[in-house]
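Structural overview
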Amino acid sequence: MKIISIILISLILIISCNVINDKTKRAAKQLQLMEKEIKFPCLKKIQIYSYFEQHGIEYFCYKIKDWIYCMNLKTKIVEDSINIIFEKGEKEKYGEVTSFCFSGSDSIFLLMDKAIFFVENKIRKKVIPINELDSSQFTSFRFANLENAPIYYDNKMKEIIGQVYCSTCFQSQKSFYKQKIVGSISIETGKVKLYNMSYPDIYVMQYYGFANHVYIDNYCNNTYLSFPCDPNIFILNRYSNKYEIIPAKSIFQNNAARPLDTVFANSREEKMKHMVTVPYYTELRYDKNREVIYRFYLKELNIKTSSGKYNSFDNKQLILLVLNKNNEVVGEYPLDKYYNNYISFVGKDGLYINYFSKERFDTGKIVFKILTFN
Amino acid sequence: MYRATLLSLLILISCYSPSEERANEKFNDLANYYSNVLNLSLPKNGIIIILQNQRCSSCRLSTFLRLSQLLKSNILPKTFLLSKNDSTLINIISTIPNKVVLFDTENIRKDYGLDYATDLVFLLKESKLKNWFELSNANLDNLKSIE
């Protein structure tokens, strides 16, 4: 009898460890989703892109090979293109462009592996060496866009904001997660500054393999951060250097993300399988016009389907969460598998999400769904 | 009685190692792929190499070259499974004796757990999976031969 009691207590303890303490605020009524669609010509696959608005005109800009094209979102016409190769051997010296952002239509900032370029009226005005080319400042960390943290220009402080990671740590070590992960580089002096923001505690305590991406969006003095295995959103006020934690767990998340044993730190396969199965928060976007945050979530998944086939990351069900200015979740919307959250941005008309369709390949058009909520 | 049952259970659990479980699962995945997709049985003895060469095989050229050196000295039959025809890889493979090259251009192997973006090497001996590993420079560093 005693043994049965011990087993039962242990089971209850194990189960309770997996339950999330949910403090998410939820509005009583869910907002209604409305959707429209736009298409515009684009022959190539886009990976690096940016949005900006000037004098009320909105532009969607994207990089294809060594060019950046800017399309007027209203007229759907490419109004400008910029060649981003300024000298021979540039890629070998500074690396590839991994992110770019605008400050008005004339000024563009390019982030490369080893430099930031400031380009004005299509002329390169300044090269700011970073990372390996400035070892006095970048001793044990790097400033980079690791896919999900595009750079942002803080016009008031004249700084470029972006992601920082520990370049001397293994990703299975706690030190990697204790590193400050948001930084700025002054356009005037080239000086780097790190903010008081590291990975959430769960990443310091446990290992989550490839599910350690940092998703970043910026607006004014705020940097918004999301991490795959943490239901919370973090809002860093860069001016006060303090951050706020916003509970924002999806109602579709049933279990806490399972950590991965560090013995699998060198197994790409186990890390991929882990990523496929765990509940996974991805991009977040701040909408300055409506003062809401959009957050994407990918539901947990069994490694195999009911028919015994293996699942892949693409099979994860996508959910869109919307949080209002009071940090309440005002809606959660399952989206079909053709929505591509990786290419999404906020415009005056709402949240633009790239939508895969056969048509794109048939006619060379890229499709966006524009979502609004009332 | 309860104690004896609990003890047996604990012993059973501790004897079954996770790496053994992974190897068994991998063997079954490979056998199912061979049987359902290729309509073949797994070779009794041989080496099967799955290369995820959807993109940029030249990025991993040094790894492939090191693997080919190890395979050249091995007499076992080798089967390469590639996701597409790739002149860089085919040129390397052509130097290896006793080999067959198959293609899975539809990427059906992902349904069988054989494409989690990592290259795989399997060593089969007497119809059993003797060894398997993910292909990387780090893993190859520890190998003097595939056997």
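Residues numbered from 1 in each chain as written. Chains lettered and ligands numbered in written order. Predicted model: local features only at pLDDT ≥ 70, side-chain atom pairs only at ≥ 80, totals over all residues.

Turning our eyes to something else, we now look at the overall build of chain A. From N to C terminus, chain A includes 6 helices and 26 strands. Expressed along its principal axes, the backbone C-alpha trace of chain A runs to roughly 80 × 50 × 40 Å. A burial count over chain A gives 36% of its 374 residues as buried. Residue pairs in contact within chain A that sit at least 24 positions apart in sequence constitute 48% of those at least 6 positions apart. (Helix = DSSP H or I, 4+ residues; strand = E, 2+ residues; numbered from the N terminus. Buried ≥ 20, exposed ≤ 12 C-beta atoms within 10 Å, placed from the backbone. Contact = placed C-beta atoms within 7 Å.)

In this section: the overall build of chain B. In terms of regular secondary structure, chain B is built from 5 helices and 5 strands. Helices (α) and strands (β) of chain B occur, in sequence order from the N terminus, as α-α-β-α-β-α-β-β-β-α. Split into buried and exposed, the 147 residues of chain B put 26% on the buried side. Expressed as a percentage of contacts within chain B between residues at least 6 apart in sequence, the contacts between residues at least 24 apart total 65%.

Turning our eyes to something else, we now look at the confidence of the model for chain B. On average, residues of chain B carry a pLDDT of 86, and 84% of them reach 70 or more. In the predicted complex, the global pTM is 0.90; the interface-specific ipTM is 0.85. (pLDDT = per-residue confidence, 0-100.)

Our next topic: the sheet that holds strand 5 (residues 128-134) of chain B. Sheets are built from strands paired through backbone hydrogen bonds, the pairs being either parallel or antiparallel. Residue and element names in this part refer to chain B. Strand order in this open sheet of 5 strands is 3-2-1-4-5, and the pairing throughout is mixed. Edge positions in the open sheet fall to strand 3 (99-103) and strand 5, since each of these has one partner strand only. Pairs of neighbouring strands in the sheet enclose a mean axial angle of 15 degrees, with direction left out of account. Relative to strand 5, strand 4 (residues 120-125) runs antiparallel, the two sharing 6 bridges. By the bridge assignment for strand 5, Leu124 is matched with Leu129. (Pairing = 2+ DSSP bridges. Axes fitted to C-alpha atoms, helices over the stretch in contact; angles between N-to-C directions.)

Tallying the contact residues gives 12 residues for chain B and 10 residues for chain A. At 3 residues, the largest contribution of residues to the side of chain B that touches chain A is made by helix 1 (residues 2-15) of chain B. For the side of chain B that touches chain A, the residue count by class is 6 nonpolar, 2 polar and 4 charged. (Nonpolar A, V, L, I, M, F, W, Y, C, P; charged D, E, K, R; others polar.)

All names here are of chain A. Note on placement: Ile46 falls in the loop between strand 2 (33-41) and strand 3 (49-54). Take Ile46: there are 17 C-beta atoms within 10 Å of it, and that puts it in the partly exposed class. In the structure, Ile46 is positioned 311 residues away from Ser357 in sequence and 15 Å away in space, judged by C-alpha atoms. Non-local contacts of Ile46, meaning those with residues more than four positions away in its chain, are made with Tyr62, Ile343 and Ile366.

This part is about helix 3 (residues 61-72) of chain B. Residues and elements named next belong to chain B. The terminal C-alpha atoms of helix 3, which comprises 12 residues, lie 16 Å apart, in line with the 16 Å expected from a rise of 1.5 Å per residue. Regarding helix 3, the residues found buried are Phe64, Leu67 and Leu71. One side of helix 3 carries all its buried residues, which in axial view fall inside an arc of 65 degrees. The exposed residues of helix 3 that point more than 90 degrees off its buried face are Ser62, Leu65 and Lys72. Packed against the buried residues of helix 3 are strand 1 (46-51), strand 2 (78-82), helix 4 (87-93) and helix 5 (137-141). (Expected span 1.5 Å × (residues − 1). Arc of directions from axis to C-beta.)

Time to look at the pairing of strand 3 of chain B. All names here are of chain B. Bridge count between strand 2 and strand 3: 5 bridges; the pairing is parallel. Bridge pairing in strand 3 links Leu81 to Leu102. Handedness of the β-α-β unit built from strand 2, helix 4 and strand 3 comes out right-handed. (Right-handed = clockwise from strand over helix to strand, strands pointing away.)

Moving on, we come to the sheet that holds strand 5 (residues 67-72) of chain A. Residues and elements named next belong to chain A. Spatially, the 4 strands line up as an open sheet ordered 3-4-5-6, and their pairing is antiparallel. Both edges of this open sheet fall to strand 3 and strand 6 (77-83), since each of them pairs with a single strand only. Between one strand axis and the next, the sheet turns through 25 degrees on average, direction left out of account. The sheet contact formed by strand 4 (residues 57-64) and strand 5 spans 6 bridges and is antiparallel. Bridging across to strand 5, Ile64 finds its partner in Trp67.

Another aspect to go through is the nonpolar core. Residues Phe109, Leu110 and Ile116 of chain A are the most contacted members of the largest nonpolar core, which totals 93 residues. In terms of residue count, strand 21 (residues 292-298) of chain A provides more of this core than any other element does, 6 residues in total. Ignoring anything within four residues of it in the chain, the contact list for Phe109 of chain A reads Phe100, Cys101, Ile116, Phe118, Ile151, Tyr153 and Ile160 of chain A. Formed by 25 residues, the second largest nonpolar core is a distinct cluster that contains Ile50, Leu71, Leu89 and Leu124 of chain B. (Core = buried A, V, L, I, M, F, W, Y, C linked by C-beta atoms within 7 Å.)

Here we come to the environment of Leu298 of chain A. All names here are of chain A. Here Leu298 shows up in strand 21. Through-space distance from the C-alpha of Leu298 to that of Asn232 is 15 Å; in sequence the pair is 66 residues apart. Setting aside residues up to four positions removed in sequence, Leu298 forms contacts with Tyr280, Thr282, Lys316, Gln317 and Leu318.

With that settled, the discussion passes to the environment of Lys365 of chain A. Residue and element names in this part refer to chain A. By secondary structure assignment, the location of Lys365 is in strand 26 (residues 365-373). Judged by local crowding, Lys365 falls into the partly exposed class, with 16 C-beta atoms found within 10 Å. Spatially, the C-alpha atoms of Lys365 and Lys325 are 35 Å apart, while their sequence positions differ by 40 residues.

Moving on, we come to the pairing of strand 3 of chain A. Alignment of strand 3 of chain A against strand 4 of chain A, held across 6 bridges, turns out to be antiparallel. Among the inter-strand pairings, Tyr49 of chain A is bridged to a residue of strand 4 of chain A, identified as Tyr62 of chain A.

Here we come to unusual backbone geometry. Residues and elements named next belong to chain B. Look at Asn39: it is not a glycine, yet its phi comes out positive at around 55 degrees. Relative to the helices and strands, Asn39 is located in the loop between helix 2 (18-36) and strand 1. Residue class for Asn39 comes out exposed when judged on the 7 C-beta atoms lying within 10 Å of it. If you check the backbone angles, Ser127 has positive phi at about 65 degrees while not being a glycine. With respect to the helices, strands and loops of the structure, Ser127 is situated in the loop between strand 4 and strand 5. We classify Ser127 as exposed; it has 12 C-beta atoms within 10 Å.

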